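Listed below, chain by chain, are the residues.
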Amino acid sequence: MNGFSLPLSRGIARVTGAALGPYQSAVVRIGFAGTWLLFLLREFPHRQELYGPAGPWGWNLAKELTADNHAFTVLLWSDGQLWFECFYALAILASAALLLGWRTRTASVLFMVGVLSLQNRSVFVGDGGDNVLHLMSLYLVFTRCGQVWSLDARRAAHAEAARARGERDSADRVGPSLWAVSGLTLVLATCTGRFDNGWLIPALLWTTWAVLGLWWSVGRWVKSREPRILLDVIANVVHNGALFVIMAEACLIYATAGWYKIQGSRWQDGTAVYYPLHLDYFSPWPGLADLMSSSGTIMMVAAYGTVMVQVAFPFTLFNRRVKNVLLVVMMLEHAVIAVVLGLPFFSLAMITADAVFLPTSFLRRLGALVAGARGRIAGRGDRTVPAPRSPEDEPGHRPEGKPRTPEESAEGRVGFTA
């Protein structure tokens, strides 16, 4: 019995004691927020045709469709031009805030509202990448994706350093202000009957708003540590569950895509890749497409290789080395799709979904390289990237057998800041 209970207790302690995958969740946050931000900026001149009230998919048609499928979209609360322009600008700002990790909790909710509202406004605009972004915008709300590589983490580190010097914490006015404005917006939307197409998104918005208020109140007014520890454990469990769902979603996408391809006759005879290369819509570089399709061997290898990689990927998660090799292959494949077929945002979305499986050591080295390059560009002198340290030099390292203290368990976390 002890042989089973000991690993179980360690597993429970690991899931509840910390938000796992801080670098992976940060990459997912940055990747999807950046993808949506680039899309909104690129389509800014065409926003009226895509999502505007006078676009080809008219406001009345969209209203009729959402009444039938109960899709959530704020753009159908009004058919005014000013409302559309303000919301489009808000969607851009929310994406930028989430990309930078500024007030990540509020930014992730606003990012989700922006993605769902614009995509559900015109359901016939988009591709498979939009479907992935649609799902991930929901999952990001449940993650603590601002632990690293964010302005939230930077602000938390400065506050911790100030407390270590004995300085008094300055009152946070931005967080409560955002919470109050969002609460007023929810009250007005609820009282005026705007949430009439379903209960899921309104319930999620109200729950998130209430949790943020509870978190701030406990941290501000409750002197005992137990309520804050309890909320922290719940947040860790929710984050870890959401991160697991993101990984499972990526595996499901590749597995279903691969097995459906196996059933197609064009994939079986190795000619499936040939046909999209000769469609005008997917040929931004006709010369490059003709060069690739001129070789039957290349077409067959591309078709069979795509199927094998997609079917095999979920099974390679049990072998780290094979998984890392396959990740490189899939990312390169999506990069080729972005260039040859002219689908950059689809490829960016899929590469971001793949990045959740990248090893932490690689992401930390990548972050160190970016930080060093940023320091040199900012003119703060030539800085070399520090060599990887041994485990004994890492902060929080404990000798074998030494138990983890509560202070070490809480080290490096970022709370639910509004």
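Check the entry above for the structure.
Novice: I would appreciate a short explanation of the environment of Thr360 in the present structure.
Specialist: Within the element layout of this structure, Thr360 appears in helix 17 (residues 360-377). By relative accessible area, Thr360 is classed as partly exposed at 37%. Linking Thr360 and Gly21, residues 339 residues apart in sequence, is a C-alpha distance of 7.7 Å.

Novice: Honestly, the nonpolar core in this entry has me stumped. Any pointers?
Specialist: Generally speaking, nonpolar side chains in soluble globular proteins are found buried as a group. If you look at the biggest cluster of nonpolar residues, it comprises 75 residues, and the most contacted ones within it are Phe32, Trp36, Tyr51 and Leu118. Broken down by element, the residue count for this core peaks at ten residues, all from helix 2 (residues 22-42). In contact with Leu118, not counting residues within four places along its chain, are Trp36, Leu40, Tyr51, Leu75, Phe87, Tyr88 and Ala91.

Novice: What am I meant to see in the environment of Leu37 here?
Specialist: Relative to the helices and strands, Leu37 resides in helix 2. Taking relative accessible area as the criterion, Leu37 reaches 13% and is therefore assigned buried. Sequence-wise, Leu37 and Leu99 are 62 residues apart; in three dimensions their C-alpha atoms are separated by 8.6 Å. When neighbours within four sequence positions are excluded, Leu37 is seen to be in contact with Ile92, Ser95, Ala96 and Leu99.

Novice: For this particular structure, what's the right way to read the packing of helix 15 (residues 320-340) against helix 16 (residues 344-355)?
Specialist: Between two packed helices, the angle of one axis relative to the other and the distance separating the axes together describe the packing. It is the contact of helix 15 with helix 16, at a shortest axis distance of 8 Å, that shows an interaxial angle of 170 degrees. With respect to helix 16, the axis of helix 15 lies roughly antiparallel. Between helix 15 and helix 16, the contacting residues are Leu327, Met330, Met331, His334, Ala335, Ile337 and Ala338 on the first element and Pro344, Phe346, Ser347, Met350, Ile351, Asp354 and Ala355 on the second. When grouped by side-chain class, the residues that make up the contact of helix 15 with helix 16 number eleven nonpolar, two polar and one charged.

Novice: Would you mind showing me how to read unusual backbone geometry here?
Specialist: Note: most peptide bonds trans; most residues except glycine with negative phi. One non-glycine residue with positive phi stands out, namely Arg103, at about 50 degrees. With respect to the secondary-structure elements, Arg103 resides in the loop between helix 5 (81-100) and helix 6 (104-121). The phi angle at Trp149 is positive, at roughly 55 degrees, despite the residue not being glycine. Its place among the elements puts Trp149 in the loop between helix 7 (128-140) and helix 8 (151-164).

Novice: Looking at this model, I keep getting lost on helix 2. Mind explaining?
Specialist: Since the α-helix packs 3.6 residues into each turn, any two residues three or four apart lie on the same face. Between its first and last C-alpha, helix 2 extends 30 Å over 21 residues, near the 30 Å set by a 1.5 Å rise per residue. Burial of helix 2 is extensive: 16 of the 21 residues sit out of reach of the surface.

Novice: How should the packing of aromatic side chains be read in this particular structure?
Specialist: For the coordinates displayed, the defined rule picks out 16 aromatic pairs. With centroids separated by 5.6 Å and ring planes inclined at 75 degrees, the aromatic side chains of Trp77 and Phe195 adopt a geometry described as edge-to-face. With Trp77 in the loop between helix 4 (59-69) and helix 5 and Phe195 in the loop between helix 9 (174-191) and helix 10 (200-221), the pair connects residues that are 118 residues apart, well separated along the chain. Classification of Trp77 as buried rests on a relative accessible area of 19%. Here Phe195 falls in the buried class, since its relative accessible area comes to 19%. A ring pair is formed by Phe84 and Tyr88, whose centres lie 6.0 Å apart and whose planes are at 50 degrees; its orientation type is tilted. Of this pair, Phe84 and Tyr88 both sit in helix 5, four residues apart, roughly one helical turn. The residues Phe84 and Tyr88 share a single accessibility class, namely buried. One aromatic cluster in this structure is built from Phe72, Trp77, Trp83 and Phe195. For Arg47, the ring lying beneath its charged end belongs to Phe44, and the centroid distance is 3.9 Å. In this structure, Arg220 packs its charged tip against the face of Trp221, placed 5.7 Å from the ring centre.

Novice: Sorry, what's going on with a nonpolar patch on the surface here?
Specialist: A cluster of nonpolar side chains, namely Leu100, Trp102, Leu151 and Val174, defines an oily patch on the protein surface of about 330 Å² accessible area. Summarising the element assignment, Leu100 is placed in helix 5.

What counts and how
Residues numbered from 1 in each chain as written. Predicted model: local features only at pLDDT ≥ 70, side-chain atom pairs only at ≥ 80, totals over all residues. Heavy atoms only, no water. Helix = DSSP H or I, 4+ residues; strand = E, 2+ residues; numbered from the N terminus. Buried < 20%, exposed > 50% of the residue type's maximum accessible area, 1.4 Å probe, protein only. Core = buried A, V, L, I, M, F, W, Y, C linked by side-chain atoms within 4.5 Å. Contact = heavy atoms within 4.5 Å. Axes fitted to C-alpha atoms, helices over the stretch in contact; angles between N-to-C directions. Parallel < 35°, antiparallel > 145°, perpendicular 65-115°, else oblique. Nonpolar A, V, L, I, M, F, W, Y, C, P; charged D, E, K, R; others polar. Expected span 1.5 Å × (residues − 1). Phe/Tyr/Trp six-rings, centres within 6.5 Å; stacked < 30°, edge-to-face > 60°. Lys NZ or Arg CZ within 6 Å of the ring centre and 35° of its normal. Patch = residues over 30% accessible without salt bridge, like charges linked within 9 Å, V, L, I, M, F, W, Y side chains within 5 Å. Areas by Shrake-Rupley, 256 points an atom, 1.4 Å probe, with all protein chains shown as cover. Salt bridge = Lys/Arg side-chain N within 4 Å of Asp/Glu carboxyl O.

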